[in-house]
Structures are given as structure tokens and as C-alpha cells.
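# Geometric and topological summary
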Amino acid sequence: LIPASLNLSVVDLQMSLRGRPAGKNGTLYRFYLRDLLKVVEEHTDFEYAFIDTPPALGALSLNSIAAATSGCIISTSLDVMAYRGISAVIEAIETIQKMDPSHHGVLGILRSEYSERRKIDKELGDYVEAFYPHYVFKTEIPEASAAVKRANASLRLVSQLDKRMEKVYLDVFDEMEKELAKYGE
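Residue numbers restart at each chain and count upward from 1, following the sequence in its written direction. Per-residue local features are limited, in this predicted model, to residues with pLDDT of at least 70; the limit for side-chain atom pairs, both in listing and counting, is 80 or more; totals at the level of whole chains, interfaces and linings are taken over all residues. Values reported for side chains reflect all heavy atoms of the structure, with hydrogen atoms and water molecules removed beforehand.

## Concerning the side chain of S112
Numbering of helices and strands runs from the N terminus, with a helix taken as a DSSP run of H or I at least four residues long and a strand as a DSSP run of E at least two residues long. Within the secondary structure layout, S112 lies in strand β2 (residues 106-112). What makes S112 buried here is its relative accessible area of 10%. At 3.5 Å, the side chain of S112 forms a polar contact with the backbone nitrogen of S77. What makes two residues a contact is simply this: any of their non-hydrogen atoms within 4.5 Å. Once residues lying within four places of it in the same chain are set aside, the contact partners of S112 are S75, T76, S77, L78 and I141. Burial classes follow relative accessibility: with a 1.4 Å probe on protein chains only, a residue under 20% of its type's maximum area counts as buried, one over 50% as exposed, and anything between as partly exposed. In protein, a polar contact means a hydrogen-donor-capable atom and an acceptor-capable atom, both N or O and within 3.5 Å, with residues adjacent in sequence counting only if both atoms are side-chain atoms; elsewhere, any N or O pair within 3.5 Å suffices.

If you want it as C-alpha cells, here you go:
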């Protein structure tokens, strides 16, 4: 797990402008990251790759979706704008899944920046569970703005700086492994 940085937006822009190389019909090469991870997998011993993308369906996000053949976890904050974006992300995942039938699609929806004090978080969380037919993780990523700011400033993972967040992410990983076991992964 490698923390994200501002450099991802530069990569996203470069992939959008140049692609690598463009397909026969001029569309962006959507499998660049998947092909790159296959090379990394040949030379390392990792079980999972987590790719945290910007909250937009740009070239980097599409490449990440295509690379996530074991399934995608949609992480969403519980605000109205993020909630509206879930459908677009699911549609993009299903499009990639049609191109690659071995892709497991949506593994689940992960609620992040959750606060028990905000009524809207509970309401939108309940709505996500009721409206989307996909698995919704029981573990919620709590709001941890101070820890996140420290992690971003030090280019470290929030779980390295906050024991509570470390436990939350370990709980998410446990749930994820149970979901992957359904696919024999």
C-alpha cells in the first residue's frame, strides 16, 4: 500500500492527453496499469494491490478499475455529491467487466469519513445499503481529519500514525478477504 500524492494528478493528466498507446479506434489504452502490475507481480510476492484514485473518472481511475481484476472497492464519503457519483463508478466498472469477463466487478462499497454525530451520514449510509445491490462493508472509515493531515504532510499512511485507524483498516482487509474468498481468490 503506497500513499497517494499530488503526483497522481499529473499522471492522470498525462494519461488523458497521451494515452499509451491509443487503441485502434483512438481511445485511451485502458489496460496500461493492469499490464504494468502483471510485470510487478512476476518479480514480487504481493497478495493485493490497493490503488486509491482521485474522486473522478479520469484515465488513472479507468486504468485502476481495469487493473483491479479481483474486484473494486468503491470508497465513498457520505455526502450527496459523492453518493451521486457511485452510480457512475459502478457503470464504469461494469463497462470494463464487459471488456474483460475475468474481472470480478464491484467487490463492495466502503463508507468513509463517517461520523456517528452527523445524521446525514447515517441516512445516506442506510440509503446506500438499501439502493445498491452490492455488498456494503460493515466497517466504516471514521472521520480522522487530523490524522489524515499528519499522514499527508509526512507522506505516510494514516494507519502508521493512528492506532485506531490501523485497526479500522485491518477490519476492512478482513472483510475484503472474506468477500474475495467467495470468488476463490
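## Topic: the pattern of salt bridges
The salt bridge criterion pairs a side-chain nitrogen of Lys or Arg with a carboxyl oxygen of Asp or Glu, the two atoms within 4 Å. In this structure the tally under the stated criterion is ten salt bridges. With its nearest N and O atoms 3.3 Å apart, the salt bridge here joins K163 to E166. Of the two residues, K163 and E166 are both situated in helix α8 (residues 163-181); the distance of three residues between them amounts to about one turn of the helix. Here E179 and K182 are joined by a salt bridge, their closest N and O atoms 2.8 Å apart. Classification of E179 as buried rests on a relative accessible area of 9%. On the accessibility criterion, K182 (62% relative accessible area) is exposed. Linked by salt bridges that have partners in common, R111, E129 and E140 make up one network.

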